[in-house]
Amino acid sequence: MASYSGHLQKMQVELAGPVQYLLPLDEQRLPLNELLGNPIRLHYSGVIHCAHCGRRSNKSFNQGYCYPCFTKLAQCDSCIVSPEKCHYFAGTCREPEWGEQHCLVDHIVYLANSSGVKVGITRESQLPTRWIDQGAVQALPIMRVKTRQQSGLVEDMFRQHVADKTNWRTMLKGDIEPVDLPAIRDALFERSESKISELEERFGLQALQRLEDSAPIDIEYPVLSHPSKVASLNMDKNPLVEGTLLGIKGQYLILDTGVINIRKYTAYHVEVAI
């Protein structure tokens, strides 16, 4: 077996048929698609180094940060999870320059079919990566807005009618029925017309752009076999994860022994044998 070591980062993806995956270990990038059907072993060494500052940490906060960075970085603030609560314009952003680069830029509101239809948001530059990371088999951009806060307000409006979370267990089991995303988009617009008008009045007509001509995309994943029962592997409880690689979907490796969310273990130092 070939052996590698380094700190985990979320898997890098490329939209193709199927999605192509690379596993980052510090500066190394391990191609994973070609390993389907073969044994793989990951061993957590017990060492975590903060993904931002490199400080050694006994625990990972917010997927890869030490506690001091978790408490001071804008990317770890609660408004990242709830963007409608953005407080940049109140003058209390933890890192105003970071906010200008990441939050005061165009965002896309989208529909995705991962474990059923959901609404979500992301920076325009993060498509289609965001859809792939969620394990969506279909996706459709439905609105472009000028800021992250606006995208959060639009998402909050739409999630009165459609889910905003992915059931990761259902997503990994496969068998996701295809849906008519443009029809769902049109129904959402119709049901939310008055609230959309309120946001347009608040931010200006040019701030919110409906993407009524966008076409949905289909996403195929490299999976030999979906699990009938989803058992989650936890490196904090058992540092050795091994099994035959049966598939990759979202940020999960699907092994014959269970599934592991690679993104959850960002900044963990591991040894990988393939």
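Just above, that's the structure.
Quick caveat, the model's predicted, so the values are computed rather than measured.

Peer 1: Just to check I follow, could you spell out the overall build of the protein chain for this structure?
Peer 2: Broken down by element type, the protein chain carries 8 helices and 15 strands. Compactness check: the protein chain gives a C-alpha radius of gyration of 20 Å against a globular reference of 19 Å for 274 residues, within 12% of the reference. Projected onto its principal axes, the C-alpha positions of the protein chain cover 60 × 45 × 25 Å. Across the 274 residues that make up the protein chain, the buried fraction comes to 47%. Taking as baseline every contact in the protein chain between residues at least 6 positions apart, the subset at least 24 positions apart corresponds to 66%. Accessible area for the protein chain stands at about 13,300 Å²; split by element, carbon and sulfur atoms hold 46% of it.

Peer 1: Quick question: what am I supposed to make of the pairing of strand S5 (residues 39-49) here?
Peer 2: Of the strand pairs in this sheet, S5 and strand S12 (residues 240-249) are connected by 5 bridges, and their pairing is antiparallel. Its bridge partner lying in S12, Arg-41 is registered against Glu-242. Sheet topology note: the S5/strand S15 (residues 268-273) ladder contains 5 bridges and is antiparallel. Counterpart to Leu-42 in the pairing with S15 is Val-272.

Peer 1: I would appreciate a short explanation of the packing of aromatic side chains in the present structure.
Peer 2: The relation between two aromatic rings is expressed through the spacing of the ring centres and the mutual angle of the planes. Under the definition given, this model contains 9 aromatic pairs. Aromatic pair Tyr-67 and Phe-70: ring centres 6.2 Å apart, planes at 45°, arrangement tilted. With Tyr-67 and Phe-70 both in helix H1 (residues 67-72), this residue pair falls 3 residues apart, about one helical turn. Look at Tyr-67 and you get partly exposed, because its relative accessible area is 47%. Judged by its relative accessible area of 27%, Phe-70 falls in the partly exposed class. Taken together, Tyr-44, Tyr-265 and Tyr-268 form an aromatic cluster joined through their ring pairs.

Peer 1: Mind showing me how you'd approach the packing of helix H5 (residues 148-158) against helix H8 (residues 193-203) here?
Peer 2: Axes are the key here: two packed helices are described by the angle between their axes and the distance separating the axes. For the pair H5 and H8, the least separation of the axes is 11 Å and the interaxial angle reads 165°. As the angle between them shows, H5 and H8 are arranged roughly antiparallel. The hand of the H5/H8 crossing is right-handed. Residues Gln-149, Gln-150, Leu-153, Val-154, Met-157 and Phe-158 of H5 lie in contact with H8, whose contacting residues are Lys-195, Ile-196, Leu-199, Arg-202 and Phe-203. Each residue belonging to the contact of H5 with H8 can be placed in one class, and the counts come to 7 nonpolar, 2 polar and 2 charged.

Peer 1: Teacher, can you tell me more about the side chain of Thr-122 here?
Peer 2: Looking at the element boundaries, Thr-122 is found in strand S8 (residues 117-123). Taking relative accessible area as the criterion, Thr-122 reaches 5% and is therefore assigned buried. With near-sequence residues (within four places) excluded, Thr-122 lies in contact with His-107, Ile-108, Tyr-110, Leu-127 and Arg-130.

Peer 1: What is the right way to read the sheet that holds strand S3 (residues 20-25) from this model?
Peer 2: The strands that make up a sheet are held in pairs by hydrogen bonds between backbone atoms, and each pair lies either parallel or antiparallel. Strand order in this open sheet of 3 strands is S2-S3-S4, and the pairing throughout is antiparallel. Edge strands, defined here as strands with exactly one partner in the open sheet, are strand S2 (12-14) and strand S4 (28-31). For this sheet, the mean inter-axis angle between neighbouring strands, taken without regard to orientation, is 25°. Pairing geometry for S2 and S3, over 3 bridges, is antiparallel. The residue bridging Val-13 from the neighbouring strand is Tyr-21, located in S3.

Peer 1: What exactly am I supposed to notice about unusual backbone geometry here?
Peer 2: With glycine set apart, most residues show a phi of negative sign, and most peptide bonds adopt trans. The step from Gly-17 to Pro-18 runs through a cis peptide bond, and the omega angle for that step is 5°. Residue position: Pro-18 is located in the loop between S2 and S3. Of note, the bond from Leu-127 into Pro-128 is cis; its omega dihedral lies within 30 degrees of zero at 0°. Locating Pro-128 in the fold gives a position in the loop between S8 and helix H4 (129-133). A positive phi angle is found at Gln-63, which is not glycine, with a value near 60°. Overall, Gln-63 belongs to the partly exposed group, its relative accessible area being 37%.

Peer 1: Can you walk me through the environment of Ala-51 in this structure?
Peer 2: Along the chain, Ala-51 falls in the loop between S5 and strand S6 (56-57). Taking the C-alpha atoms as reference points, Ala-51 and Ile-217, separated by 166 residues in sequence, lie 32 Å from one another. The contacts of Ala-51, once residues within four sequence positions are left out, are Gly-64, Thr-266 and Ala-267.

Conventions adopted
- Residues numbered from 1 in each chain as written.
- Predicted model: local features only at pLDDT ≥ 70, side-chain atom pairs only at ≥ 80, totals over all residues.
- Heavy atoms only, no water.
- Helix = DSSP H or I, 4+ residues; strand = E, 2+ residues; numbered from the N terminus.
- Rg over C-alpha atoms; globule rule 2.2 N^0.38 Å.
- Buried < 20%, exposed > 50% of the residue type's maximum accessible area, 1.4 Å probe, protein only.
- Contact = heavy atoms within 4.5 Å.
- Areas by Shrake-Rupley, 256 points an atom, 1.4 Å probe, with all protein chains shown as cover.
- Pairing = 2+ DSSP bridges.
- Phe/Tyr/Trp six-rings, centres within 6.5 Å; stacked < 30°, edge-to-face > 60°.
- Axes fitted to C-alpha atoms, helices over the stretch in contact; angles between N-to-C directions.
- Parallel < 35°, antiparallel > 145°, perpendicular 65-115°, else oblique.
- Left-handed = near helix turned anticlockwise from the far one by under 90°.
- Nonpolar A, V, L, I, M, F, W, Y, C, P; charged D, E, K, R; others polar.

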